Amino acid sequence: MNLSEIKMGQQAVVTKVNGDVLALKLFEMGVLPGEQVELENIAPFGDPIAIRVGESKLCLRLADAASIEIELSVWKES
Amino acid sequence: MERIITVALVGNPNCGKTSLFNALTGLNQKVSNFPGTTVEKKMGDAMLTEKTKLQIIDLPGTYSLYPKSADELVTYEILRNKSETNFPDLVIFIADASNLKRNLLLFTQVCDLGVPAIIALNMMDVAARRGISYNLEALESNLGVPIVPINARKRTGIDALKQTLIHKLPRTHVTYFGLENLDQAMLNELSQVTDKRNAYAALQYAINAKELLSEKSVRIKEVFEKYAFDTWQFQEEEVFSRYHTIDKVVKISRIQSQDNLKKSITRKMDAILTHRFYGIGIFLALMFLIFQAVFSWSAYPMDLVEYGFAWMSEYIKNTLPPGVLNDLLVEGILAGLSGVIVFLPQIIVLFFFIAILEDIGYMARVGFIMDKVMRPFGMNGKSIVPLISGMACAVPSIMASRSIENRKERLITILVIPLMSCSARLPVYALLISLFIPDTAVWGPFNIHGLVLMLMYLIGFAAALLSAWIFKHFIKSVQQNYFLMELPGYKLPVASNILITLYEKSAAFVYGAGKIIIAVSVVLWVLASTGPREKMAAVTTKYEVQMANLTESEKNEAMIGGISLRRDADLLEASYAGQFGKFIEPVIRPLGFDWKIGIALLTSMAAREVFVGTMTTIYSVSGAEDNLDSIRDAMLVETNSQTGKPSYSLATVFSLLIFYAFAMQCISTVAIVKKETDSTKWTIIQFVYLTVLAYGSSLFIYQVFG
């Protein structure tokens, strides 16, 4: 599963990041394998999304989020 | 002897760098270029001791020393070049304690470049709220550099930071990432090619040169190919290795870590501010509030400025002996200047809102909300901040577009920014709108002026989007397109940050625009009061004869006043300025403009706001009006000498409004576009398309409604 498929209230762990420029930029901004991610907001027009990852809050497009592979960890009642 | 220490402030975006810079330097700041380059530096001074001066450079925030955008490149360029005169003796690295791990990634890269550094640990309060705090001694000994806790926004810890600079200035640097596993022969070759002794600096430069810079890139590529070196793989490994080292340090030094289950304030606020309905509603309401504020709140200080200038003109006119100097001061310089300074309150109000929204962290949310909207137009969410601040001034906005990674999106953003109605158009719009709508007109709680003004801004924005959409189809790009942005936590605004921004922008407006306006006003005044000798003499003689022919009973004030008014108007027409206006009149006549507007169009090529000063100068030279605050009345009663109809019909005013909304009438913008795009071709293309757009639209409006 990848990050573009995450739903509100779901928590997950990053397992892998694909791509070169984008992957490096994501690593530098703290999106690393093993980090917890959570979907916090969805922009008014459905895209981009805002995620909490590690200690940062980032926003990215769904197309870019698709290159981040995740594994759901905790289910929360939304 | 005074000693000068050059210090660079380095850190991630939103780490509090600018707040610290403001706290250290106050108003002793200036922006200039590094010698011989187009790289912009923001510098400031502070006294460290009586004999030591700190020269502080504020560098753009970046996440790593592998720059991916133009602003990150600035930071890298300063830190890589040891022979540069502004190469810092020391780096103050500002680290966000609430996000220490990621912040330290850049720190370790800076250290490995060979620059001595100390850490200013900021936002400990934010970290504490999340249940995180650090044992600073452990952190210090594990990282091997002095660490000073500060709160840049509350300005605490600044003295301790200065004390550390005096007593614990590090002489050596620490290494965090070894290159032992790499082929040493390759590193030696890279050191030779890049002329850098530090192996990490050489390798880093080589990787960046291959990606971003052109010099030496061919030789560097050969070396990489010879050793089959995969730069992407290396950079990934480097990042992971650094994070691994940092992780260990951070874990040892973290004294308590409890999972804070409470939803953060930022999260709660974002749930509303980026909400699908409320989010857009709040954004539009904010924009609307700003326009109302610009028009209604500024009215009172504007009256004061007008009153002050009127008083000053009157005083000088009556105090100085009558003559050329008196006329030049009152009709040339003061008239031109007052027409512009009077709009300073509006500019301050506009910048006030932009500065606050930026400072509290809202501007990034606007980018988040608007990304999807901007995409079809070949831009992205990061374009929205430069576009919105383009409503204040295009020059800093075009520089702000540096944060856009993709070159095509950045170019498009730069190309259309001048269509956003900047504050220099405010004086022009304000004057023109007041020609057909009385000040007092209201529609419910709203001032109609404010509504029409907002409409002008919307027209500019729509034109910007449309032009961007067209450019999207003509500009090619091979670069990967992505949108990745940090949403910083919301903060309370800090008065000093906002006041410094306001001071900077107002000073730039008054000095920058003031210089051009005084120069243009003086030249214009000279051109408007002198002319070809025979023509001027003919006019003078004609009215002298009229005067002489007056009978005793006709020699009353009204009669003489009327004759001298007509004489002054004819003199203006005969002057050099009048001759020029007449010369270009055939070109602008289809737009509904007469030769007087022609003069103003010419002088506005330097800067738009000169329009008002020019109109004031023209009308006060032609004698129609001595009093500054009623330039509007002078334009209202002005009639066309050929048709006898008012010169400023509704169609002419609309046509003029649209012309000023679209035309590229700003030398500073042309210069900054050339600098930022580094392309004569695009600078010319932009100038031409804006001119054609302005002329075509005005032509259409005047021909249809005229």
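Cut-off values and rules
Residues numbered from 1 in each chain as written. Chains lettered and ligands numbered in written order. Predicted model: local features only at pLDDT ≥ 70, side-chain atom pairs only at ≥ 80, totals over all residues. Helix = DSSP H or I, 4+ residues; strand = E, 2+ residues; numbered from the N terminus. Rg over C-alpha atoms; globule rule 2.2 N^0.38 Å. Buried ≥ 20, exposed ≤ 12 C-beta atoms within 10 Å, placed from the backbone. Contact = placed C-beta atoms within 7 Å. Core = buried A, V, L, I, M, F, W, Y, C linked by C-beta atoms within 7 Å. Domains from an automatic or database assignment. Pairing = 2+ DSSP bridges. Nonpolar A, V, L, I, M, F, W, Y, C, P; charged D, E, K, R; others polar. pLDDT = per-residue confidence, 0-100. Expected span 1.5 Å × (residues − 1). Axes fitted to C-alpha atoms, helices over the stretch in contact; angles between N-to-C directions. Parallel < 35°, antiparallel > 145°, perpendicular 65-115°, else oblique.

> Describe the overall build of chain A, naming the residues involved and giving the relevant values.
Along its length, chain A carries two helices and five strands. Secondary structure elements of chain A occur, N-terminal to C-terminal, as β-α-β-β-β-α-β. A compact globule built from 78 residues would reach a C-alpha radius of gyration of about 12 Å, and chain A, at 11 Å, matches this within 12%. A principal-axis box enclosing the C-alpha atoms of chain A has dimensions of 35 × 25 × 25 Å. Counting over 78 residues, chain A shows a buried share of 45%.

> I'd love a proper account of the overall build of chain B, names of residues and values included.
What chain B contains, in helices and strands, is 31 helices and twelve strands. Principal-axis analysis of the C-alpha atoms places the extent of chain B at approximately 105 × 60 × 50 Å. Counting over 706 residues, chain B shows a buried share of 43%. The long-range share in chain B, meaning contacts at least 24 apart out of those at least 6 apart in sequence, stands at 73%.

> How would you summarise the nonpolar core if you had to cite specific residues and measurements?
Residue and element names in this part refer to chain B. Core analysis: the biggest nonpolar cluster contains 202 residues, and L9, F93, A95, V110 and F662 have the highest contact counts within it. Residue contributions to this core peak at eight residues, all from helix α8 (residues 199-211). Once residues lying within four places of it in the same chain are set aside, the contact partners of L9 are K17, L20, F21, I56, I57, D58, L59, I92 and I94.

> Account for the domain arrangement of chain B, with residues named and values stated.
Frequently, the measure chosen for interface size is the accessible area that the parts lose on association. By domain assignment, chain B separates into domain 1 (3-167), domain 2 (184-257) and domain 3 (495-643). The gap between the C-alpha centroids of domain 1 of chain B and domain 3 of chain B is 52 Å.

> Give a description of the pairing of strand β4 (residues 56-60) of chain A that names residues and reports values.
On a regular strand, one side chain projects to one face of the sheet and the next to the other, so that they alternate. With respect to burial, β4 of chain A is a largely interior element, five of its five residues being buried. A two-sided burial pattern is seen for β4 of chain A, the buried positions comprising S56, L58 and L60 of chain A on one face and K57 and C59 of chain A on the other. Here strand β3 (residues 49-53) of chain A runs beside β4 of chain A; their pairing, made up of five bridges, is antiparallel. Its bridge partner lying in β4 of chain A, I49 of chain A is registered against L60 of chain A. Between β3 of chain A and β4 of chain A, which follow one another and run antiparallel, lie two residues, and G54 of chain A among them has a positive phi close to 55°. Relative to strand β12 (residues 484-486) of chain B, β4 of chain A runs antiparallel, the two sharing three bridges.

> How would you summarise the interface of chain B and chain A if you had to cite specific residues and measurements?
Between chain B and chain A, the contact holds 34 residues from the first and 28 residues from the second. Looking at the side of chain B that touches chain A, the elements that each hand over two or more residues are α3 (100-112), α10 (231-253), α11 (265-273), α12 (278-296), α16 (362-374) and β12 of chain B. The residue makeup of the side of chain B that touches chain A, split by class, is 16 nonpolar, eight polar and ten charged.

> Any chance you could break down the environment of G367 of chain B for me, citing the residues and the numbers?
Residue and element names in this part refer to chain B. Relative to the assigned elements, G367 resides in helix α16. Linking G367 and M635, residues 268 residues apart in sequence, is a C-alpha distance of 42 Å. Those residues in contact with G367, other than ones at most four positions away along the chain, are G381, K382, I384, V385 and M485.

> Residues and numbers for unusual backbone geometry, please.
Here the amide bond leading from D47 of chain A into P48 of chain A is cis, since omega sits at -5°, within 30 degrees of zero. The topology assignment puts P48 of chain A in the loop between β2 (36-42) and β3. In this model, N14 of chain B sits at a positive phi of 60°, which is unusual for a non-glycine residue. Residue classification places N14 of chain B among the partly exposed positions, given that 19 C-beta atoms sit within 10 Å. You will see that M123 of chain B, though not glycine, has its phi angle at about 60°, which is positive. Mapping M123 of chain B onto the fold places it in the loop between β6 (117-122) and α4 (124-129). With 26 C-beta atoms counted inside 10 Å, the residue M123 of chain B sits in the buried group.

> Describe in detail the environment of G131 of chain B, supporting the description with residues and values.
All names here are of chain B. Along the chain, the position of G131 falls in the loop between α4 and β7 (132-134). Classification of G131 by C-beta neighbours within 10 Å gives partly exposed; the count is 13. Taking the C-alpha atoms as reference, G131 lies 9.9 Å from I255; in sequence the two are 124 residues apart.

> Can you explain helix α19 (residues 407-416) of chain B? Please cite residues and give values.
Note that an α-helix has 3.6 residues per turn; residues three or four places apart therefore point the same way. All names here are of chain B. Burial within α19 is extensive, with eight of its ten residues counted as buried. Three or more residues of α19 are buried, namely E409, R410, L411, I412, T413, I414, L415 and V416. Packing partners of the buried residues in α19 comprise α17 (384-389), α18 (394-400), α21 (448-472), α30 (667-677) and α31 (680-705).

> Break down the confidence of the model for chain B for me, citing the residues and quoting the values.
Residue and element names in this part refer to chain B. Per-chain confidence: chain B averages 84 in pLDDT, with 91% of residues scoring 70 or above. Contacts for the low-pLDDT stretch residues 624-629, under 50 throughout, to residues beyond four places or in other chains number 19 contacts. Among the prediction metrics, the complex's ipTM stands at 0.92, with pTM recorded as 0.82.

> Would you mind going over helix α15 (residues 344-360) of chain B in detail, with residue names and values included?
Residues and elements named next belong to chain B. Over its 17 residues, α15 extends 24 Å from the first C-alpha to the last, a length consistent with the 24 Å expected when each residue adds 1.5 Å. Inspection of α15 places P345, Q346, I347, L350, F351, F353, I354, A355, L357, E358 and D359 among the buried residues, and these make up the whole buried set. Directly after α15, the chain includes G361, whose backbone phi takes a positive value near 100°.

> Which residues make up the packing of helix α25 (residues 576-588) of chain B against helix α26 (residues 595-604) of chain B, and what values do they have?
Residue and element names in this part refer to chain B. α26 packs onto α25 with a crossing angle of 100° between their chain directions and a minimal axis gap of 7 Å. On the basis of their axis angle, the class for α25 and α26 is roughly perpendicular. Together, A577, G578, F580, G581, K582, I584, E585 and I588 of α25 and W595, K596, I597, G598, I599, L601 and L602 of α26 make up the contact between the two elements. Of the residues that constitute the contact of α25 with α26, the class distribution is nine nonpolar, three polar and three charged.

> Mind laying out the environment of G381 of chain B, listing which residues take part and the relevant values?
All names here are of chain B. With respect to the secondary-structure elements, G381 resides in the loop between α16 and α17. On a C-alpha basis, the gap between G381 and L79 in space is 29 Å, while along the polypeptide they are 302 residues apart. Residues in contact with G381, not counting those within four places in the same chain, are G367, F368, M370, D371, M374, F483 and M485.

> Explain the pairing of β2 of chain A to me, and be specific about the residues and the numbers.
Residues and elements named next belong to chain A. The pairing of strand β1 (residues 11-17) with β2 spans three bridges and is antiparallel. If you follow V13 over to β2, its bridge partner there is Q36. Where β2 meets β3, five bridges bridge the pair, whose relative direction is antiparallel. When the sheet's bridge partners are listed, V37 is paired in β3 with V53. Connecting β2 to the antiparallel partner β3 that follows it, the hairpin turn spans six residues, and G46 within it adopts a positive phi of roughly 90°.

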